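# Analysis of the macromolecular model
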Amino acid sequence: PFDVLVVGGGPAGAAAAIYAARKGVRTGIVAERFGGQVQDTAGIENFISVPHTEGPHMAAALERHVAEYSVDVMNGQIASALVPAAEAGGLAELKLANGATLKSKTIILAPGARWRRINVPGETEYMTKGVAYCPHCDGPLFKGKRVAVIGGGNSGVEAAIDLAGLASHVTLLEFDAKLRADGILQEKLRSLPNVTILVSAQTTEILGDGAKVTGLVYRDRESEATRTVELEGVFVQIGLLPNTEWLNGAVTLSPYKEIEIDRRCHTSAPGVFAAGDATTVPYKQIVIAMGEGATAALSAFDHLVRM
Ligand code: FAD
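Residues numbered from 1 in each chain as written. Predicted model: local features only at pLDDT ≥ 70, side-chain atom pairs only at ≥ 80, totals over all residues.

### A look at the overall build of the protein
Across its full length, the protein holds six helices and 19 strands. Here the C-alpha atoms of the protein give a radius of gyration of 21 Å, agreeing with the 19 Å that 2.2 N^0.38 yields for 307 residues. At a minimum sequence separation of 6, the contacts of the protein that also span at least 24 residues come to 62%. (Helix = DSSP H or I, 4+ residues; strand = E, 2+ residues; numbered from the N terminus. Rg over C-alpha atoms; globule rule 2.2 N^0.38 Å. Contact = placed C-beta atoms within 7 Å.)

### Quick word on the site of the ligand
The ligand sits among 39 residues. The nearest are Gly 8, Gly 10, Gly 36, Gly 112 and Gly 276. When contributions to the shell around the ligand are tallied by element, the ones reaching two or more residues are α1 (11–21), β2 (27–31), β9 (113–115) and α6 (286–306). Taken together, the residues of the shell around the ligand break down into 22 nonpolar, 12 polar and five charged. (Near = placed C-beta within 6 Å. Nonpolar A, V, L, I, M, F, W, Y, C, P; charged D, E, K, R; others polar.)

### Regarding the domain arrangement of the protein
Interfaces are often sized by the amount of accessible area the parts lose when they come together. Taken domain by domain, the protein holds domain 1 (2–114 + 240–306) and domain 2 (117–236). A C-alpha centroid distance of 32 Å is found between domain 1 and domain 2. (Domains from an automatic or database assignment.)

### Describing α6
The end-to-end C-alpha separation of α6 is 30 Å, in line with the 30 Å expected for 21 residues at 1.5 Å each. Taken as a whole, α6 has its buried residues at Ile 286, Ala 289, Met 290, Glu 292, Gly 293, Thr 295, Ala 296, Ala 297, Ser 299, Ala 300 and His 303. Along its buried surface, α6 packs onto β1 (2–7), α1, β3 (43–44), β8 (101–109) and β19 (272–274). (Expected span 1.5 Å × (residues − 1). Buried ≥ 20, exposed ≤ 12 C-beta atoms within 10 Å, placed from the backbone.)

### Overview of the sheet that holds strand β13 (residues 195–198)
An order of β10-β17-β11-β12-β13 is seen for the five strands of this open sheet, with the pairing classed as parallel. Taken across any chain shown, the strands that pair with only one partner, and hence form the sheet edges, are β10 (131–132) and β13. As defined by bridge partners, β10 adjoins strand β17 (residues 233–236) across two bridges and the pair is classed as parallel. Paired with Val 131 across the bridge in β17 is Val 234. Where helix α4 (residues 154–164) meets the sheet, its contacts fall on β11 (146–150), β12 (169–173), β13 and β17, and the angle it forms with β11 comes to roughly 165°. (Pairing = 2+ DSSP bridges. Axes fitted to C-alpha atoms, helices over the stretch in contact; angles between N-to-C directions.)

### Remarks on the nonpolar core
Taken as a class, soluble globular proteins show a tendency for nonpolar side chains to be buried jointly. Among the nonpolar cores identified, the biggest contains 57 residues, and Ala 16, Ala 17, Ile 108, Ala 110, Ala 274 and Ala 275 are the most heavily contacted of them. Tallying contributions element by element places α1 first for this core, with nine residues. Setting aside anything within four residues of it in sequence, one finds Ala 274 in contact with Ile 108, Leu 109, Ala 110, Ile 259, Ile 261, Cys 265, Thr 267, Thr 279 and Ala 296. Ranked by size, the runner-up nonpolar core spans 34 residues in total, among them Leu 179, Leu 189, Leu 216 and Tyr 218. (Core = buried A, V, L, I, M, F, W, Y, C linked by C-beta atoms within 7 Å.)

### Quick word on the sheet that holds strand β15 (residues 213–220)
With respect to topology, three strands assemble into an open sheet ordered β14-β15-β16, the strand pairing being antiparallel. Pairing within the sheet leaves two strands with one partner each, and these edge strands are β14 (201–208) and β16 (226–230). Within the sheet, the average angular offset between the axes of one strand and its neighbour, ignoring direction, is 25°.

### Thoughts on unusual backbone geometry
Although it is not a glycine, Lys 257 adopts a positive phi angle of roughly 70°. Tracing the chain through its elements places Lys 257 in the loop between β18 (240–242) and β19. You can call Lys 257 partly exposed: it has 15 C-beta atoms within 10 Å. One non-glycine residue, Tyr 283, lies in positive phi territory at about 70°. As for its position among the elements, Tyr 283 is in the loop between β19 and α6.

### Some details on the packing of α1 against α6
For any two helices packed against each other, the geometry comes down to the angle between their axes and how far apart the axes lie. Two elements in contact, α1 and α6, have axes whose closest approach is 7 Å; the angle formed by their N-to-C orientations is 35°. Viewed along their axes, α1 and α6 form a crossing whose handedness is right-handed. The residues of α6 that touch α1, namely those facing Pro 11, Ala 12, Gly 13, Ala 14, Ala 15, Ala 16, Tyr 19 and Ala 20, are Ile 286, Ala 289, Met 290, Glu 292, Gly 293, Ala 294, Ala 296, Ala 297, Leu 298, Ala 300 and Phe 301. (Left-handed = near helix turned anticlockwise from the far one by under 90°.)

### Focus: α4
In an α-helix, one turn spans 3.6 residues; hence positions three or four apart end up facing the same way. If you check which residues of α4 are buried, you get Gly 156, Val 157, Ala 159, Ala 160, Ile 161, Leu 163 and Ala 164. Looking at the buried positions of α4, the neighbouring elements they touch are α3 (135–138), β11, β12, α5 (183–190), β13 and β17.

### Here we look at the packing of α4 against α5
Close contact between α4 and α5 brings their axes to 10 Å; oriented N to C, the two are set at 30°. What the angle tells us is that α4 and α5 run roughly parallel. When the axes of α4 and α5 are compared, the crossing they make is left-handed. Contacts from Asn 154, Val 157, Glu 158, Ala 160 and Ile 161 in α4 reach Leu 185, Gln 186, Lys 188 and Leu 189 in α5. For the contact of α4 with α5, a count of residues per class yields five nonpolar, two polar and two charged. (Parallel < 35°, antiparallel > 145°, perpendicular 65-115°, else oblique.)

### A few points about the pairing of β14
Sheet topology places β14 next to β15; seven bridges connect them, and they run antiparallel. Of the residues in β15, the one forming a bridge with Leu 207 is Gly 215. The loop that links β14 with its antiparallel partner β15 comprises four residues; one of these, Gly 210, has a positive phi angle of about 100°.

Structural data, given as structure tokens:
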């Protein structure tokens, strides 16, 4: 059996595997796609001490760094179920979609998350060419430009407030007849001079010139009119979905389906730890996921020492 078995090969999982291996314990990592969301990122400019890098470049570096250690890397493998140890000090079982079962004294869950898409024409075509999902990451690219935020929940309204400080103008579009964000956020948003709020607005298409975004089309659900907004960027903020469906009750999840963790990355199941975007950690960022991966590995090692 493994001492530490990591699920996920993104920043959190890679950091966890390296920290565990450096303790000299038997470490494995199961990843559906090594690199995770980093693979889908164009420029990364907030990874501290590296002013600029590209996603696929960082993903390859993560993989190379893990390969420096004696870690059993199972790339291209999907975890399909987790059975935590029945008693303290027992072995947890991780079932894979290929039918295999792996056993380990501790498990670190780092399966990440995915941004919910709006699924309209132009969204996929202009991803990283004006269509963005992460205001902390891509906001500065739209300095002095016109942007839209799709989604009037807390994350959409927070994004619009954040972007209003950088962009020349922000249009917020909400499908529903009213915003769903907390009152205090709505108040702040309404106080900003360069923000337009559109409710009952269904985004139907993202327009572009082949190279970059030039506008979006929405249907006013009250008047049935179709309107176009000219702009350079569209931030889709309709939810971040943690990749936790397969856990099926093995550990406690929050109402948003995030794995509940404490400050030491303990989950509700003894011997099972978690890190990164799949957890309740506030703010979903690469540096944060890596730090949490390190914490989870050190906690797993602590658990091994005590058992
Ligand atoms: P992920 O990166 O999501 O990795 C999850 C890993 O788990 C993957 O290897 C995946 O294949 C694997 N996995 C999932 N389910 C299973 C399963 N059942 N079995 C086996 N493996 C599984 N952050 C920044 O700090 N700066 C940026 O500039 C930035 N830009 C971004 C741009 C885009 C387009 C996106 C989508 C995100 C961006 N982010 C950025 C956010 C950042 O990518 C995430 O915060 C970070 O990748 C989270 O790391 P993670 O390890 O928790 O999860």
